[in-house]
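Here's the letter readout for the chains.
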Amino acid sequence: MGYRVPFVDAVAAYGKVKPEVDAAIFGCLEHGDLVYRHQLKAFESEFAGFIGSKHVVGLNSGYHALLFALLGAGVGAGDEVITVAHTFVATVSAIVHTGATPVLIEVADDFNMDPARLEAAITPRTKAVLPVHLNGRVAPMTEIMAIAQRHGLAVIEDAAQAIGARHDGRTAGTIGAAGCFSFYPFKVLGGYGDGGALCTDDDDLATMARRLRYNGEDRETGEYHHHGHTALLDNIQAAVLSVKLRHLPGWLERRRELFTRYDAGLRGTPDVILPPMDGGAHHDICQNYVLRTPSREAMREHLREEGIETLVHWPKPMWEHRSLGLPDPGLAFTERLCREVISLPLSPELTDEQADEVVAAVRSFR
Ligand SMILES: *Cc1c(COP(=O)(O)O)cnc(C)c1O
């Protein structure tokens, strides 16, 4: 079915940058720049400048950034890593694939790690804390860092949904030992396929991630230092991301306008909880606009009938996917979020008129 307001419009998004993107892609093809060429290094240094980090290591997914950051922090079998239950499964899978045990804790009503729950989850086996900056808002890092430092724990940031977001004047991904980013097509900075990056100020961690992504090899000496992975950021994707990074500030501005428009239009709607608006210590980047309503399924159906496409992240808690083998941590608020959340269309391509249609449709729900 064609939606009047699709969740995202990848074709329209391409249309806005087509000449530059085509030139970047064909430039790679015409020069045979396919793997680990100057476009990758150029993008890494541009992205490092954008977020303010010493090193950026381009990888083929956000998942690999998480995995390599954890391995770089020395996480392995027998360790525990504390993260939130309300996140994308890749956050937890990265922990599992190091051999460590994920310990899932509750989020607060801004969808991010509740620092009040963190200390109680720490055991002698805890090695690291993995806060997630969900929906474009940085988790309460000042408190999380203080607790982690008190217990000697590494902090790895899942900044996949928070490219450019800030908290207390610091940028997502640059606060802990490493920050992990995703360039999946529908993140605020997306390629035309999978991509990701790890950022860190730690020279050793950066070196290890650079080797892990290239089958463990040190490219200068040819020495293999690890049983590694094949996980380089694709050169063509890097060339595309360089183009898109130049547009990102404008796109983030447009997202903010739309977010504010939704907020003004939807304020006071009965039985609907609006997402947190930033201000004070928080500068959010409006990755998603997530409502909460007790009659989520009926609301979703109503919006579908009105021609508006929505998404639900996530309809059931991770531990209910039995094959993942995760124990039920008994987190009532996370379970409630799974029943209540609904994401409205929010992308720079959305017009004011479309946003107003979405507002009217939400308000007309009975
Ligand atoms: C997108 C995302 C990831 C994983 O990124 P990929 O590039 O798809 O591997 C991890 N965590 C969160 C919170 C995400 O939204």
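Scroll up a little and you will see the structure.
Please read all numbers here as calculations on a predicted model, not as lab measurements. (Residues numbered from 1 in each chain as written. Predicted model: local features only at pLDDT ≥ 70, side-chain atom pairs only at ≥ 80, totals over all residues. Heavy atoms only, no water.)

Q: So what exactly am I meant to see when it comes to the overall build of the chain here?
A: Looking only at helices and strands, one finds 11 helices and 12 strands in the chain. A compact globule built from 366 residues would reach a C-alpha radius of gyration of about 21 Å, and the chain, at 20 Å, matches this within 12%. Its C-alpha atoms give the chain principal-axis dimensions of roughly 65 × 55 × 40 Å. The buried share of the chain, taken over its 366 residues, is 55%. As displayed, the chain offers around 15400 Å² of accessible surface, 52% of which is attributable to carbon and sulfur atoms. Placing the 35 positive and 48 negative side-chain charges of the chain at their respective mean positions leaves the two points 1 Å apart. (Helix = DSSP H or I, 4+ residues; strand = E, 2+ residues; numbered from the N terminus. Rg over C-alpha atoms; globule rule 2.2 N^0.38 Å. Buried < 20%, exposed > 50% of the residue type's maximum accessible area, 1.4 Å probe, protein only. Areas by Shrake-Rupley, 256 points an atom, 1.4 Å probe, with all protein chains shown as cover. Lys, Arg positive; Asp, Glu negative; His and termini not counted. Charge placed at Lys NZ, Arg CZ, Asp CG, Glu CD.)

Q: What am I meant to see in the environment of lysine 54 here?
A: Looking at where lysine 54 falls in the secondary structure, it is placed in the loop between helix H2 (38-51) and strand E1 (55-59). Residue classification places lysine 54 among the exposed residues on the basis of a relative accessible area of 51%. The spacing of lysine 54 and aspartate 201 is 147 residues in sequence and 4.8 Å in space, taken between C-alpha atoms. Lysine 54 has contacts with Thr200, Asp201 and Asp203, leaving out every residue within four places of it along the chain. Looking at lysine 54, its side chain comes within polar contact range of the side chain of aspartate 203, at 2.7 Å. (Contact = heavy atoms within 4.5 Å. Polar contact = N/O pair within 3.5 Å; in protein donor to acceptor, adjacent residues only side chain to side chain.)

Q: So what exactly am I meant to see when it comes to the sheet that holds strand E10 (residues 282-283) here?
A: Sheet strands pair by backbone hydrogen bonding; their relative direction is either parallel or antiparallel. Ordered in space as E7-E6-E10, the three strands form an open sheet in which the pairing is antiparallel. Of all the strands in the sheet, just strand E7 (170-171) and E10 have a single pairing partner and so form its edges. In the sheet, strand E6 (residues 166-167) pairs with E10 via two bridges, with the strands oriented antiparallel. Residue pairing in the sheet places histidine 167 in a bridge with histidine 282 of E10. (Pairing = 2+ DSSP bridges.)

Q: Hey, could you run me through the pairing of strand E5 (residues 154-158) in this one?
A: Remember that side chains alternate between the two faces of the sheet whenever the strand is regular. Summarising burial for E5: four of the five residues are buried, a large majority. Here strand E4 (residues 126-130) pairs with E5 via two bridges, running parallel. Note on E5: the bridge partner recorded for valine 129 is valine 155. Traced from E4 through helix H6 (residues 141-150) to E5, the parallel crossover comes out right-handed. Note that E5 and strand E8 (residues 178-182) share three bridges and pair parallel. (Right-handed = clockwise from strand over helix to strand, strands pointing away.)

Q: Which parts of the structure should I look at to understand the site of the ligand?
A: Close contacts around the ligand come from 14 residues, with Gly62, Asp158, Gln161, Ser182 and Lys187 the closest. A distance of 2.7 Å separates a nitrogen atom of the ligand from a polar side-chain atom of aspartate 158. Residue glutamine 161 places a side-chain N or O atom 2.8 Å away from an oxygen atom belonging to the ligand. Every element with two or more residues in the shell around the ligand is listed here: helix H3 (62-72) and helix H4 (89-97). (Near = heavy atom within 4 Å.)

Q: Looking at this model, I keep getting lost on the nonpolar core. Mind explaining?
A: What tends to happen in soluble globular proteins is that the nonpolar side chains get buried as a cluster. Core analysis: the largest hydrophobic core is formed by 53 residues, its most contacted members being Phe43, Phe47, Phe183 and Leu189. Contributions of two or more residues to this core are made by H2, strand E2 (80-84), helix H5 (115-121), H6, strand E9 (196-200) and helix H8 (235-266). Those residues in contact with phenylalanine 43, other than ones at most four positions away along the chain, are Phe183, Leu189, Leu233, Ala238, Leu241, Ser242 and Leu245. Ranked by size, the runner-up nonpolar core spans 24 residues in total, among them Val57, Leu67, Leu130 and Ala206. (Core = buried A, V, L, I, M, F, W, Y, C linked by side-chain atoms within 4.5 Å.)

Q: What is the right way to look at the packing of aromatic side chains in this model?
A: The description of an aromatic ring pair uses the distance of the two centres, along with the angle that the planes make with each other. Taken as a whole, this structure holds 10 aromatic pairs when the rule is applied. For the pair phenylalanine 47 and phenylalanine 181, a centre-to-centre distance of 5.1 Å together with 85 degrees between the ring planes defines the contact as edge-to-face. Separated by 134 residues along the polypeptide, phenylalanine 47 in helix H2 and phenylalanine 181 in strand E8 bring together distant segments of the chain. A single burial state applies to phenylalanine 47 and to phenylalanine 181, both of which are buried. Positioned above the aromatic ring of tyrosine 36 is the side chain of arginine 219, whose terminal nitrogen or guanidinium carbon lies 3.8 Å from the ring centre. Over the face of the ring belonging to tyrosine 214 we find arginine 219, whose NZ or CZ atom lies 4.5 Å from the ring centre. (Phe/Tyr/Trp six-rings, centres within 6.5 Å; stacked < 30°, edge-to-face > 60°. Lys NZ or Arg CZ within 6 Å of the ring centre and 35° of its normal.)

Q: What exactly am I supposed to notice about the pattern of salt bridges here?
A: Any two side chains of opposite charge can pair, on the condition that their charged atoms come close. Applying the stated criterion to the full structure yields 21 salt bridges. Among the salt bridges present, the one from glutamate 357 reaches arginine 4, with a minimum N-O distance of 2.6 Å. Highlighted residues: glutamate 357 in helix H11 (residues 352-363) and arginine 4 in the segment before helix H1 (10-31), separated in sequence by 353 residues. According to the relative accessible area criterion, arginine 4 is partly exposed, its value standing at 47%. Residues joined in a network through salt bridges with shared partners are Arg254, Glu257, Arg261, Asp352 and Asp356. (Salt bridge = Lys/Arg side-chain N within 4 Å of Asp/Glu carboxyl O.)

Q: I keep staring at unusual backbone geometry and nothing clicks. Help me out?
A: With the exception of glycine, the majority of residues adopt a negative phi angle, and the majority of peptide bonds are in the trans configuration. A cis amide bond, omega 10 degrees, links histidine 313 with the succeeding residue tryptophan 314. As for its position among the elements, tryptophan 314 is in the loop between helix H9 (296-305) and helix H10 (332-340). Despite not being glycine, asparagine 135 shows a phi value in the positive range, around 60 degrees. Within the fold, asparagine 135 resides in the loop between E4 and H6. By relative accessible area, which is 14% here, asparagine 135 ends up buried. Its identity as a non-glycine residue notwithstanding, aspartate 168 has a phi of 50 degrees, on the positive side. Assignment of secondary structure puts aspartate 168 in the loop between E6 and E7.

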